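If you want the building blocks of each chain, they are given just below.
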Amino acid sequence: MSSAKTYICLDIGGTYIKHGLLTETGEILIKGKIPTRAKEGGQAVFEQAVELVEGYLEKKKTSAISEKETDFLRVDREEPFPVSLDERPDTEKHSESDFIRQTQMETDLSEADEIAVEMQDHTGKISGIAISTAGMVDPATGTILHASDAIPGYAGISYKAYMEEHFHLPCAVENDVNCAGLAESISGAGKGSRINLCLTVGTGIGGCLVVDGKVFHGASNSACEVGYMHLAPGAFQDEAATSALVRRVTERKKAEVWDGFRIFEAAKAGDPICQEELERLADLLGMGIANICFVINPERIILGGGIMEQEAYMKPRIEAALEKYLVSQIWKHTTVCMAAYQNNAGMLGALYHLQAELSR
């Protein structure tokens with residue numbers, strides 16, 4: 001039985017809540033995901049988070065698993081890609097193989113009994129609750145300050161106070177993109193760099209600025225909300241996110257329904273419309289990122305989100321656009337790299353944030 005401290009980590013998004021049990025060094029012991037009840041509103045999402053924590057803390061007296069518990073312990077497996085490329089399952093190079101190596105055990109539904117025993121081993125050593133979530137967050141109070149319509153009624157939800165009072169464990173809450181940026185800056189693609197600009201490109205575009213290993217929050221905990229920046233003719237995320245790419249290709253293809261994965265496959269096969277729209281997307285991303293670089297002058301630009309799994313196709317095109325839009329003094333001192341952790345970044349960053357809060 002291991003004596004290492006473990007932490008319950010949640011990554012709450014509009015489509016899925018990813019959850020896991022992590023050690024103090026960031027090793028993933030167990031992980032899974034459930035669909036977010038986003039359309040039911042913020043209270044329903046809050047209740048899901050509470051139920052997940054209760055599931056991890058529940059003492060299992062036997063190895064028998066109920067249907068509900070099996071659902072709770074379900075691990076990510078390959079499944080058909082949904083419409084939004086950023087919601088693809090964990091198939092990147094840092095997911096399945098890393099997970100198997102970290103756990104040193106196959107976590108499949110057929111081994112639910114073994115997972116139950118594993119949970120029983122770790123339950124007594126859980127030392128905190130770390131939450132990464134969509135929306136603007138006040139990390140001091142663990143309260144959602146603002147959220148999009150993807151989770152109606154989410155603003156005002158306060159995780160920290162409830163979790164600490166109800167479960168008698170320290171809890172820390174941070175914005176999901178900030179968590180991803182923190183994970184990448186501390187041990188991922190931005191390790192060793194003082195100033196990192198981290199962007200996630202998916203249905204929207206999220207940003208995070210990490211300086212000397214700390215997230216820059218701004219005066220109202222709203223720094224680096226770059227998706228709302230204005231580019232002619234619209235906001236940055238309205239023009240340069242995956243959703244914009246899918247919309248433009250679908251409009252040009254008329255009757256056909258497209259998704260990001262299909263667009264990349266068609267472009268590689270020589271489809272001129274898909275190639276043109278991906279070039280347009282890369283140029284718009286380069287323009288928007290260049291505008292941010294003129295203000296903050298980062299050492300590294302770390303790009304994440306589902307679309308960035310197409311590194312070989314997208315990275316050289318984004319770099320070409322950045323070189324076009326930036327002055328040479330900035331461009332020659334800026335490095336573009338792809339996120340290392342992808343779908344695990346939120347949970348890992350939430351853990352780092354909690355550890356920083358506990359060390360104060």
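The model shown is predicted, which means the values in this text are computed figures rather than measured ones. (Residues numbered from 1 in each chain as written. Predicted model: local features only at pLDDT ≥ 70, side-chain atom pairs only at ≥ 80, totals over all residues. Heavy atoms only, no water.)

Q: How would you explain the overall build of the protein if you had to name every residue and give the values?
A: For the protein, the helix and strand inventory stands at 13 helices and 14 strands. For the protein, with 360 residues in total, the buried portion stands at 54%. Residue pairs in contact within the protein that sit at least 24 positions apart in sequence constitute 68% of those at least 6 positions apart. Here the protein displays about 15,700 Å² of accessible surface, and carbon together with sulfur accounts for 52% of that area. (Helix = DSSP H or I, 4+ residues; strand = E, 2+ residues; numbered from the N terminus. Buried < 20%, exposed > 50% of the residue type's maximum accessible area, 1.4 Å probe, protein only. Contact = heavy atoms within 4.5 Å. Areas by Shrake-Rupley, 256 points an atom, 1.4 Å probe, with all protein chains shown as cover.)

Q: Please give an account of the state of the cysteines that cites residues and values.
A: For the coordinates displayed, the defined rule picks out zero disulfides. Here C9 stays unpaired: no disulfide links it, and the sulfur of C179, its closest cysteine neighbor, is 9.3 Å away. Relative accessible area serves as the criterion here: at 0%, C9 is assigned to the buried category. Free of any disulfide, C198 has its nearest neighbouring cysteine sulfur in C208, separated by 5.2 Å. (Disulfide = S-S within 2.5 Å.)

Q: Tell me about the packing of helix 10 (residues 272-296) against helix 11 (residues 311-325), and name the residues and values.
A: At a minimum axis separation of 8 Å, helix 10 and helix 11 run at an interaxial angle of 50°. Put simply, helix 10 runs oblique to helix 11. Here helix 10 runs over helix 11; the crossing is right-handed. Here helix 10 contributes Q275, L278, E279, L281, A282, D283, L285, G286, M287, I289, A290 and F294 to the contact with helix 11, which in turn contributes Y313, M314, R317, I318, A321, L322, K324 and Y325. A class-by-class count of the residues in the contact of helix 10 with helix 11 yields 14 nonpolar, two polar and four charged. (Axes fitted to C-alpha atoms, helices over the stretch in contact; angles between N-to-C directions. Parallel < 35°, antiparallel > 145°, perpendicular 65-115°, else oblique. Left-handed = near helix turned anticlockwise from the far one by under 90°. Nonpolar A, V, L, I, M, F, W, Y, C, P; charged D, E, K, R; others polar.)

Q: Describe a negative patch on the surface, listing the residues and the values that go with them.
A: The grouping of E47, E51, E54 and E58 at the surface amounts to a negative patch. Looking at the secondary structure, you find E51 in helix 1 (residues 42-57). On the accessibility criterion, E51 (40% relative accessible area) is partly exposed. (Patch = residues over 30% accessible without salt bridge, like charges linked within 9 Å, V, L, I, M, F, W, Y side chains within 5 Å. Salt bridge = Lys/Arg side-chain N within 4 Å of Asp/Glu carboxyl O. Lys, Arg positive; Asp, Glu negative; His and termini not counted. Charge placed at Lys NZ, Arg CZ, Asp CG, Glu CD.)

Q: Summarise the sheet that holds strand 2 (residues 16-23); cite the residues concerned and give the values.
A: Within the open sheet, the five strands sit side by side as 3-2-1-4-7. Their pairing is mixed. Among the strands making up the open sheet, the edge pair consists of strand 3 (28-35) and strand 7 (171-175). Here the strands of the sheet are splayed against their neighbours by 15° on average, with no regard to which way each runs. The sheet strands contacting helix 1 are strand 1 (6-12), strand 2, strand 3 and strand 4 (126-133), and the helix crosses strand 1 at an angle near 155°. This element, helix 6 (residues 176-187), spans strand 1, strand 4 and strand 7 of the sheet and lies at about 100° to strand 7. (Pairing = 2+ DSSP bridges.)

Q: So what about the side chain of S185? Which residues, and what values?
A: Considering the arrangement of structural elements, one finds S185 in helix 6. With relative accessibility at 8%, the residue S185 sits in the buried group. For S185, the side chain forms a polar contact with the main-chain oxygen of G181, separated by 2.8 Å. Setting aside residues no more than four positions away along its own chain, S185 makes contact with G190, K191, G192, N196, C198 and V210. (Polar contact = N/O pair within 3.5 Å; in protein donor to acceptor, adjacent residues only side chain to side chain.)

Q: Can you explain the sheet that holds strand 13 (residues 300-304)? Please cite residues and give values.
A: The strand order across the open sheet built from five strands is 10-9-8-13-14, with neighbouring strands paired in mixed fashion. If you trace the sheet from one side to the other, it starts and ends with strand 10 (214-215) and strand 14 (335-338), each paired once. Pairing of strand 9 (residues 205-211) with strand 10, which is carried by two bridges, proceeds in the antiparallel orientation. The residue bridging V210 from the neighbouring strand is V215, located in strand 10. Strands in contact with helix 11 are strand 13 and strand 14; relative to strand 14, the strand with the most contacts, it is inclined by about 160°.

Q: Lay out the packing of aromatic side chains with the relevant residues and their values.
A: In the structure shown here, the tally under the stated rule is four aromatic pairs. Geometrically, the ring pair formed by Y154 and Y159 is edge-to-face, given 6.3 Å between the ring centres and 75° between the ring planes. Of the residues examined, Y154 reaches a relative accessible area of 0% and is grouped as buried. Measuring from ring centre to ring centre gives 5.7 Å for F264 and Y313, while their planes differ by 90°; the resulting arrangement is edge-to-face. (Phe/Tyr/Trp six-rings, centres within 6.5 Å; stacked < 30°, edge-to-face > 60°.)

Q: Residues and numbers for the environment of K33, please.
A: Mapping K33 onto the fold places it in strand 3. Taking relative accessible area as the criterion, K33 reaches 12% and is therefore assigned buried. Sequence-wise, K33 and G20 are 13 residues apart; in three dimensions their C-alpha atoms are separated by 8.5 Å.

Q: Residue-level account of the confidence of the model for the protein, with values.
A: Of all residues in the protein, 81% attain a pLDDT of 70 or more, and the chain-wide mean is 85. Residue range residues 59-116 is modelled with pLDDT below 50. Its contacts to residues more than four positions away, or to other chains, number 107 contacts. (pLDDT = per-residue confidence, 0-100.)

Q: Describe helix 11, and please don't skip the residues or the numbers.
A: In this model helix 11 runs 21 Å from its N-terminal to its C-terminal C-alpha over 15 residues, within 8% of the 21 Å that 1.5 Å per residue would give. Those residues of helix 11 that sit buried are Y313, M314, I318, A321 and L322. When helix 11 is viewed along its axis, its buried side chains cluster within an angular range of 135° and face the same direction. Of the surrounding secondary structure, the elements contacted by the buried residues of helix 11 are helix 9 (260-268), helix 10, strand 13, helix 12 (328-331) and strand 14. (Expected span 1.5 Å × (residues − 1). Arc of directions from axis to C-beta.)

Q: I'd like a description of the nonpolar core, backed by residues and values.
A: Nonpolar side chains tend toward joint burial in soluble globular proteins. By size, the foremost hydrophobic cluster in this structure holds 43 residues, and its most contacted members are L278, L285, I289, L303, M314, I318 and L322. The biggest single contributor to this core is helix 10, with 10 residues. What I318 contacts, discounting residues up to four positions off in sequence, is A282, L285, I289, L303 and M308. Counting residues in hydrophobic clusters, the runner-up holds 30 residues, among them L52, Y56, I126 and Y154. (Core = buried A, V, L, I, M, F, W, Y, C linked by side-chain atoms within 4.5 Å.)

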